[in-house]
Amino acid sequence: MAMKKKYRVLVSDTISQKALETLQKNSIEFDYMPDCGKSEALIEVIEPYAGLIIRSASRVSKEVIDRGKNLQVIGRAGIGVDNIDLKAASSNGIVVMNTPHGNAITTAEHTLAMIFAACRQIPAADYSTQKGKWEKSKFLGQELSGKTLGLIGVGNIGSIVADRALALKLKVKAYDPFLTDERVQRLGIERVKTLEKLVTESDIISLHIPKTDKTTNIINTALIKKMKSTAILVNCARGGLVDEIALANALKKRSIAAAAFDVFSSEPAVNNPLFGLENIVCTPHLGASTSEAQVKVAVQVAEQIADYLQEGAISNSINSPSITAAEAPLLKPWVKVSDVLGSFIGQIIETGLKEINIEYVGSVSELNTRPLTCSIVAAILNPILGMGSVNLVSSLIFARERGIVISEIKKDSQGVFGSYIRILVKTESAIRSAAGTVYSDGQPRFIQINGIDMDTRPQKSMLYTSNIDTPGFIGLLGTTLGKMNVNIATFSLGRQEKAGLALALLGIDEKIDPNNLDAIKGLKGVKEAKTLRFEI
């Protein structure tokens, strides 16, 4: 019997001994160098390794990836992959895996611990008591039973927090644009339709969303002013979701009662406007820091790395569907189309997602479409939930757990294009669709959006608008972008009929900031305007 090829893996962060034992048990040779990931040393040592296991401290830059001539797979023990250059890894054919569910319970429990600590002022009371003071009357707390917990985001961690909070007799309300009626009923919570209403009605507000362009500083001065004077704000999700200066000012003025933060806009956080205030509890990103969670994610990532190197199995991949060597060249251009179409849909929908219907027409219908479907679903969900929250292996399970119905239809060639993919999604308020194909250059093209024919190649930065078809709109939009110093690279138009609904999809060289986007939305006849980003 032929012996299995020997592979060597570098572990560049501190990790559970159980993970090292797992690698050893699977005949994977490894070097444990837990400090090299934090420095330039990783660039110097990476070349001979087939696999790399990291946690949050290592920085896997393009330089590291380019130097890793033998690197096949990177495994992240945990969910966040913002410390990995995914584009460089994908370009170099390196599979990136994470362990998205291993620390969910631990993070949820830490959220509840922070709520208790803030409500009862436990850290300050402990400090005072150990200083020999007996300031019992100073630390008057709040009882949780009967209070309203407002959750911003009800994903994996948020739903666990909701479950535990209900057991503590809290009332749980949630703001999540993608929360369906079925999940609301299953979780036993109340859905609130606006963020403003949630923060106004809640006694405790807890964030459980990823940091994206849309969610950066989602809690700002205006929303903080709407909170109760007795409110407590908790963030154990991602740094940068809250305007920390605005919150510090509110805490100083006692316009809200307290806050509890495990994550900060800049980490390691050595200086922060929240530090030193009496009415805040701070911890150094401990959400996933329990021995149980660390063992879970460490063993899981070691098993995934071993399975990939020894068997070619891909689990929890961020950037690669499960595709055989024979299928790869045939599917590769269609994976690009799937990613673009799914990402487009994910960036334009605004309410709870109910159905994803996928049509494979012509020659693409004869291929193995499962990886394409997984790619489409992941691409739809990731702009909503943040990169790393959903991957190509977990996407279908993730969608079905949330009551999202997924269907596939395969058809023979029809229409002008010999083969194409069309996605139609139903949300709680609208139906959206997009179709795309592969041109002779092997690159993806949009050929239809919301039933309107178009022909445009995706760009890294794009602007999508819908408007009532009126003379002069194109000139007005172009002039407006010019005043904003935004250069137009490509411009594609389509309409239903004269004076009916018209769409524009523009490739742009510069990012449009939120204020300028609001100005575009305010143009006469504009019904919708969205900035889009594609990993091209």
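All residue numbers refer to positions counted from 1 along the written sequence of the respective chain. The model is predicted, so local features are restricted to residues of pLDDT at least 70 and side-chain atom pairs to those at 80 or more, both for listing and for counting; the totals for chains, interfaces and linings are taken over all residues. As a convention, hydrogens and water are excluded, and side-chain values are obtained from all of the structure's heavy atoms.

Student: Looking at this structure, I do not really get the overall build of the chain. What am I missing?
Tutor: Helical segments are the DSSP runs of H or I of at least four residues, strand segments are the runs of E of at least two, and each set is numbered from the N terminus. Helix and strand counts for the chain stand at 17 helices and 22 strands. Here the chain has a C-alpha radius of gyration of 25 Å; the compact-globule value for 536 residues is 24 Å, and the two agree. Along the longest, intermediate and shortest principal axes, the C-alpha atoms of the chain span 80 × 70 × 45 Å. Contacts are residue-level and defined by heavy atoms, with any inter-residue pair within 4.5 Å sufficient. Partitioning the contacts of the chain with sequence separation of at least 6, the portion at a separation of at least 24 is 64%. Looking at the chain as shown, the accessible area adds up to about 24,800 Å², and 51% of this sits on carbon and sulfur atoms. Throughout, radius of gyration means the C-alpha value; the globule benchmark is 2.2 Å times the number of residues raised to the power 0.38. Computed with the Shrake-Rupley method and a 1.4 Å probe, the accessible areas treat only the protein chains shown as cover for residues.

Student: Whenever I open this one, the environment of Ala248 confuses me. Can you help?
Tutor: Residue position: Ala248 is located in helix H11 (residues 244–253). Spatially, the C-alpha atom of Ala248 lies 38 Å from that of Val64, the residues being 184 residues apart in sequence. For Ala248, the contacting residues outside a window of four places in its chain are Pro273, Leu274 and Leu277.

Student: I tried to follow the nonpolar core on my own but got confused; where do I start?
Tutor: Among soluble globular proteins, nonpolar side chains are generally buried collectively. In these notes, a set of buried Ala, Val, Leu, Ile, Met, Phe, Trp, Tyr and Cys residues joined through side-chain atoms within 4.5 Å is what counts as a nonpolar core. Classification of residues uses two cut-offs on accessible area relative to the type maximum, computed with a 1.4 Å probe and protein chains only: under 20% is buried, over 50% is exposed, and between them is partly exposed. The biggest cluster of nonpolar side chains holds 43 residues, and the ones touching the most others in it are Phe344, Ile356, Ile380, Ile421, Ile423 and Leu505. Ranked by residue count, the leading element in this core is helix H13 (residues 328–348), at nine residues. Excluding anything up to four places from it in sequence, Ile356 contacts Val377, Ile380, Ile404, Val405, Ile406, Ser407, Ile423, Leu424 and Val425.

Student: How should the sheet that holds strand E20 (residues 488–495) be read in this particular structure?
Tutor: Within a beta sheet, neighbouring strands are joined by backbone hydrogen bonds and run either parallel or antiparallel to one another. Whether two strands pair comes down to DSSP finding at least two bridges between them. Read from one edge of the open sheet, four strands run E20-E21-E19-E22, paired in antiparallel fashion. Across the chains shown, the open sheet's two edge strands, defined by having one partner strand only, are E20 and strand E22 (526–533). Mean inter-strand twist for the sheet, computed between neighbouring axes without regard to direction, equals 15 degrees. As judged from the seven bridges shared by strand E19 (residues 461–468) and E22, these two strands associate in the antiparallel manner. To obtain each axis, a line is fitted to C-alpha atoms, and for helices this fit is confined to the stretch in contact; angles are then taken between N-to-C directions over 0 to 180 degrees.

Student: Just to check I follow, could you spell out the pairing of strand E21 (residues 501–508) for this structure?
Tutor: Counting buried positions over the eight residues of E21 gives seven, a clear majority of the element. By the bridge criterion, seven bridges tie E20 to E21 in an arrangement that is antiparallel. Across the sheet, residue Thr490 finds its bridge partner in E21, namely Gly507. Count of turn residues in the E20/E21 antiparallel hairpin: five residues, of which Ala499 carries a positive phi of about 70 degrees.

Student: Would you explain the sheet that holds strand E3 (residues 51–54) in this entry?
Tutor: Judged by pairing direction, the sheet is parallel, and its five strands sit side by side in the order E2-E1-E3-E4-E5 without closing on themselves. Since the sheet does not close on itself, it has two edges, and those belong to strand E2 (29–32) and strand E5 (95–97), each with one partner. Across the sheet, the axes of successive neighbouring strands diverge by a mean angle of 20 degrees, strand direction being ignored. Taken together, the four bridges between E3 and strand E4 (residues 73–76) define a ladder with parallel strand orientation. Along E4, the bridge assignment pairs Ile54 with Arg76. The strands that helix H12 (residues 291–311) touches are strand E1 (8–11), E3, E4 and E5; relative to E4, the one it contacts most, it runs at about 165 degrees.

Student: What is the right way to read the side chain of His208 from this model?
Tutor: For His208, the position within the fold is in the loop between strand E9 (204–207) and helix H10 (221–226). At 2.8 Å, the side chain of His208 forms a polar contact with the side chain of Ser206. Among residues more than four places away in sequence, those in contact with His208 are Thr111, Leu151, Ile152, Gly153, Ile157, Gly158, Val161 and Ala237. Between N or O atoms, a polar contact is any pair within 3.5 Å; within protein, one atom must be a potential hydrogen donor and the other a potential acceptor, and residues adjacent in sequence are included only when both atoms are from side chains.

Student: Explanation requested: the packing of aromatic side chains in the structure shown.
Tutor: Two aromatic rings are characterised by how far apart their centres lie and by the angle between their planes. Aromatic pairs are defined between Phe, Tyr and Trp rings, using the six-membered ring for Trp, whenever the two ring centres lie within 6.5 Å; interplanar angles under 30 degrees are classed as stacked, those over 60 as edge-to-face, and all others as tilted. Counted according to the given criterion, the structure contains six aromatic pairs. When the ring of Phe264 is compared with that of Phe275, the centres are 5.5 Å apart and the planes differ by 75 degrees; the resulting orientation is edge-to-face. Of this pair, Phe264 sits in the loop between strand E11 (258–261) and strand E12 (280–282) while Phe275 sits in the loop between E11 and E12, placing them eleven residues apart in sequence. According to the relative accessible area criterion, Phe264 is buried, its value standing at 6%. Look at Phe417 and Tyr439: their rings are 6.5 Å apart centre to centre, the planes differ by 25 degrees, and that puts the pair in the stacked class.

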